[in-house]
Amino acid sequence: MMLIVLTVIFVLLALFTGGDRTAKSIVTLFLSAGVMMLTIVAIYLGVPPLAGGLFCVAVVAVITTLFQNECNQKSMTALLAVFLTTAVLLLLIFVFVDRGHLAGMADTGQVYVRESNGFEGNIGIDMRMVEVAVLLITLVGAVIDAAIAVVAGTYEVAAARPALGRQALFRSGMRIGGNILSSTVNTLFFIFAGEYLLLFVNFMTYYSFAAMINSKEFAQGAISIAVSAFGCVLVIPVAAALAAVRLTGGSNRQYGNEETDDGGERSE
Amino acid sequence: MTGVAGSMWPRDSGRRRAIRAAVALVCAILLFLAVYNDYSVYESPIGKVTAVSTQKIKGSTKRQQVLQLKIKNGHEKGQTVTIVQRYDPSQVYDTAYEKGDMLFLNADCTKVAGVKRDYVVAAAILLLLAMLVIAGRGKGLLSVLCLAGNVLLFYFLARLFLAGHDILWLTIGGSILFTLLTLVLISGFRRETLLAFAAAAVSAGAASLIAFVLIWLSKDIGYEYLDFLPEPYTRMQANHFFLSTIIISCLGAVIDVAVTITASASEVLRRDPSIQPGRLRRSMSKVADDITGTMINVLFFTNMAAILPVCMVSLANDVRFLTIMKYNAYFDIARFLDGAAAILIAIPVSTFAAGLFAKGRRSK
C-alpha cells in the first residue's frame, strides 16, 4: 500500500541523507506522532478536548526541544518562549473559534463524514474545543521551529561577541527571526495551498467566491494558517527577549569562556 | 553591561517605524470594518442576532434556540425577524448562535442558511499582515507582497482550471512560477537564487516523481474519502488532483530548505572565498542536518492536525482507529510523507548545488 511504501522510503532517505540530528528528529517525530494519536484517543474517551490539546502541545514542545536539542539552557529558553506565546495565542484562538463558529464538520462542500453517510452528530464531544485543539496543534511545529532558531542564533552571536549587551543581543535575535520569517510564512502558505487546493477548486466550480469566503471549511483552514503564521511572528520577539535576558542576567560568563576578549576576533 | 550598543539606529528609523506601524494598524482596522459592514455586497438577506434564548427539548439531546434578528440588507432592511432552530450541543453539524452573530437567511427570512464569516477570516488575515509589516521591518512588507503575489497567482490558475485546463499541468506550471516568485522576493536576483530554484525544483520533482509512480501503481485508492474532489471524476482525474496537492505541499517544504542552504553557503563564501568545495559541502550538510528535523515537524503538525474532528466523529460512530488512518487520513498522511521525503532529498541536492556555487566562484 502506498503509505507503507512511502514510510519505508522516508525512513531509508532519513538514514542515508541525514546525519545524527536528522536521525534524532525522526525519532522525535514518531514520538510526537504517538503523542498526538494518544491525545485523539484520550479526547474520544472523555478527556476534555482543550486539556487534551494543551497536553499534546506541551508534551510535543518538551520532546522536540529537549530530546532533539539536548537539555540545556538554550532549549529551556526556547521552551519558555513557546509556552508564553501559546498562552497568548490561546486567547486569540478562542475568539476566532467562537465568533467564527468554526466548530464541527463542513456544511457546504462534499465531505465523506456527513450525516447522510451515517455519521451521527450527537457524539457528546464539544467540537468547539476540538477545533481549538486543532488550531493549537497546527501551530506547535512552526512556533517551536522559530523559537529554537532565534534562541540558537542569539546564543551563537553571544558566543562570538561575549561583550554584547542585552539590547544588542535582542536586536540580533530579532534580525535572525526576521530572516527566517519570510520563508516560514511562505512554507505555511504552500502547505495550506496544498491542503485546501481541492476545496478551492470545488467551491469555484460549484459555488462562488463569496460562498467560499463565508464557508466553515475555508474559514477553518485560512484561520488555522493565519494563526500559525501569527504565532511565528509573535514568538520571535519573545524568544529574542528571553535569550537576551538569559544571556546577560547574572554573570556574563554563561559560556564558561574565561577570556574576556574584546569580542572583536571576527572582523565584520 | 547594559546596552552599550544602545540606540544603534538613527532617530529617523525609529520614527519611520512608528509611522509604518501606525499606518499598518489603521489600514488593517479600516479594511476590517469594511468587510464587517459589507452587507450590501450580498444578495441573500443577512440578519444580525439581537437576542437569543435557549431551551432544552424533552426526550432529545438537542436544544432549541429562539433568535431575534435584525435584517441588515435588501428589501426588508431594518425589520426584525424571529427564527427558531435546533442544534446538538456537540455542534458537529449544527451551530449554537450567539448575540452579535451575522447570519445568512433564506429568501423568506424564515430559516438560517449560513453564518457570515468573512469578517472573521479578514480579521485573522489582516492581523497577520499588520504584524508582518510592523514586526518584520522591511522584510515583513516583502513577505506580505510575496503572499499577495502567490495568492493572485493561485487565483489566476484556478480561473484557468475552470476554463477547462488540466489541473496537473496547471499545477506544474504554476509551481514553477510560485517558486520563482517566492525565491526572487526573498533572495533577490542573484546567482544563489537560481541555484536555490534549481535545488528546490529537483528535490520537489524527485519526490513528486515517487508519488506519481506510487499513485499509478496503486490498484485502488479510496477517492470517495478525498473531500472536495469535484464529482463526477475519472480515476485519472482523481490521480491528477491528488498528485497536484502533493506537488504544492512538497514545494513549500523544499523552498525553505533550499533558501536556507544557499543563503548559508553564500554567507560562508563571503567570509572565506577560497574555501574548498568539499569543505563547503560538509559545512552545508551540517546546516541542513540542523534544520531538517524542525522542518519535518512543521510539515507533520500543519498537515495532520486537521484530522482531529474527523477522528472524533468517526470514532464516535464506531469506525476503528486504523480504518480512519488508512482511509480518511490517507491523503493527509501521503502529503506529509512525500513532503518529508522531499525535504530529505533536498539535503544532498542543495549541498551539491552549494558545492557547484563554490566551484563557480573560485573559477572567477
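Explain the overall build of chain B to me, please; I cannot follow it from the model alone.
Counting secondary structure elements, chain B contains 10 helices and five strands. Along the three orthogonal principal directions, the C-alpha set of chain B runs to about 80 × 65 × 45 Å. The buried share of chain B, reckoned over its 364 residues, is 52%. Sequence-distant contacts in chain B: of pairs separated by 6 or more residues, those separated by 24 or more amount to 62%. Total accessible area computed for chain B in this model is approximately 16800 Å², and 62% of it derives from carbon and sulfur atoms. Of the charged side chains in chain B, 38 are positive and 24 negative, and the gap between their average positions amounts to 10 Å.

Please clarify how the sheet that holds strand β5 (residues 112-115) of chain B should be interpreted in this entry.
Within a sheet, adjacent strands bond to each other through the backbone by hydrogen bonds, running parallel or antiparallel. Residue and element names in this part refer to chain B. Strands sit in the order β3-β2-β1-β4-β5 across an open sheet of five strands; the sheet is antiparallel. Each having just a single partner strand, β3 (80-87) and β5 make up the two edges of the open sheet. In this sheet, neighbouring strand axes are inclined to one another by 45° on average, regardless of whether the strands run parallel or antiparallel.

Quick question: what am I supposed to make of the pattern of salt bridges here?
Any two side chains of opposite charge can pair, given that their charged atoms come close. Residue and element names in this part refer to chain B. Enumeration over the complete set of coordinates arrives at six salt bridges over all chains. Between Lys116 and Asp38 there is a salt bridge, and its shortest N-O distance comes to 2.8 Å. A residue pair is termed long-range when its members are at least 10 positions apart, and Lys116 in the loop between β5 and α2 (118-135) and Asp38 in the loop between α1 (11-36) and β1 (46-56) qualify at 78 residues. For the pair Lys116 and Asp38, one class covers both residues: buried. With a shortest N-O distance of 3.1 Å, Asp332 and Arg335 are connected by a salt bridge. One end of the pair, Asp332, and the other, Arg335, are both in helix α10 (residues 330-362), three residues apart, so they sit about a helical turn from each other. Through salt bridges with shared partners, one network takes in Asp38, Lys116 and Asp118.

Help me out: how do you make sense of the packing of aromatic side chains in this one?
Each aromatic ring pair is described using two quantities: the centre-to-centre distance and the angle formed by the ring planes. This model, assessed by the stated rule, comprises 25 aromatic pairs over all chains. Aromatic rings pair up to connect Phe189(A), Phe190(A), Phe200(A), Phe154(B) and Phe178(B) into one cluster.

Teacher, can you tell me more about the interface of chain B and chain A here?
Accessible area lost upon the coming together of the parts serves often as the stated size of an interface. The interface of chain B with chain A comprises 126 residues on the first partner and 123 residues on the second. Roughly 10900 Å² is buried in total at the junction of chain B and chain A, and carbon and sulfur atoms are behind 71% of that figure. Contact with chain A buries surface across chain B, with Tyr93(B), Arg117(B) and Phe228(B) losing the most and accounting together for 8% of the total. Summed over the shared surface of chain B and chain A, the number is one salt bridge.

What am I meant to see in the layout of surface pockets here?
Over the atoms a probe the size of a water molecule is rolled, and this reveals where empty space is left. Approximately 900 Å³ is the volume found for the second largest pocket. Forming the walls of the second largest pocket are 33 residues, and the residues nearest its centre are Phe189(A), Phe192(A), Phe218(A), Ile125(B) and Val151(B). Breaking the lining of the second largest pocket down by element, the ones donating at least two residues are α6 (166-206), α7 (209-214) and α8 (216-248) of chain A together with α2 and α3 (137-162) of chain B. Tallying contributions element by element places α6(A) first for the lining of the second largest pocket, with eight residues. When grouped by side-chain class, the residues that make up the lining of the second largest pocket number 31 nonpolar, no polar and two charged.

Whenever I open this one, empty space enclosed by the protein confuses me. Can you help?
The final tally for this structure, using the stated rule, is four cavities of 30 Å³ or more. For the largest cavity, the calculated volume is near 680 Å³. Together, 35 residues line the largest cavity, and Tyr196(A), Asp227(B), Phe228(B), Ala306(B) and Asp332(B) are the ones closest to its centre. Where the lining of the largest cavity is concerned, the elements lending two or more residues are α5 (127-160), α6 and α8 of chain A together with α6 (235-271), α8 (307-316) and α10 of chain B. The dominant element in the lining of the largest cavity, judged by the number of residues it contributes, is α8(A), at five residues. Partitioning the lining of the largest cavity into residue classes produces 21 nonpolar, eight polar and six charged. The space that makes up the second largest cavity amounts to roughly 100 Å³. Every residue along the wall of the second largest cavity is listed here: Leu197(A), Phe200(A), Val201(A), Phe154(B), Leu157(B), Ala158(B), Ile167(B), Leu170(B), Thr171(B), Phe178(B) and Ile248(B). Elements represented by at least two residues in the lining of the second largest cavity include exactly α6 of chain A together with α3 and α4 (167-187) of chain B.

Any chance you could explain helix α1 (residues 2-17) of chain A here in plain terms?
Because the α-helix completes a turn every 3.6 residues, residues three or four places apart line up on one side. All names here are of chain A. Helix length check: α1 (16 residues) gives 22 Å between terminal C-alpha atoms against 22 Å at 1.5 Å per residue, within 8%. Among the residues making up α1, those that are buried are Met2, Leu3, Leu6, Phe10, Leu13 and Ala14. Along α1, the residues classed as buried sweep out an arc of 105° about the axis, all on the same side. Among the exposed residues of α1, those pointing more than 90 degrees away from its buried face are Ile4, Leu15 and Phe16.

Each value, and the rule that gives it
- Residues numbered from 1 in each chain as written.
- Chains lettered and ligands numbered in written order.
- Predicted model: local features only at pLDDT ≥ 70, side-chain atom pairs only at ≥ 80, totals over all residues.
- Heavy atoms only, no water.
- Helix = DSSP H or I, 4+ residues; strand = E, 2+ residues; numbered from the N terminus.
- Buried < 20%, exposed > 50% of the residue type's maximum accessible area, 1.4 Å probe, protein only.
- Contact = heavy atoms within 4.5 Å.
- Areas by Shrake-Rupley, 256 points an atom, 1.4 Å probe, with all protein chains shown as cover.
- Lys, Arg positive; Asp, Glu negative; His and termini not counted.
- Charge placed at Lys NZ, Arg CZ, Asp CG, Glu CD.
- Pairing = 2+ DSSP bridges.
- Axes fitted to C-alpha atoms, helices over the stretch in contact; angles between N-to-C directions.
- Salt bridge = Lys/Arg side-chain N within 4 Å of Asp/Glu carboxyl O.
- Phe/Tyr/Trp six-rings, centres within 6.5 Å; stacked < 30°, edge-to-face > 60°.
- Buried area = accessible area lost by both parts, 1.4 Å probe.
- 1 Å grid on protein atoms, 1.4 Å probe; cavity = no way out; pocket = protein on both sides within 12 Å on 5 of 7 lines; lining within 4 Å.
- Points joined across faces, edges and corners; volume = space filled by probe spheres on them.
- Nonpolar A, V, L, I, M, F, W, Y, C, P; charged D, E, K, R; others polar.
- Expected span 1.5 Å × (residues − 1).
- Arc of directions from axis to C-beta.

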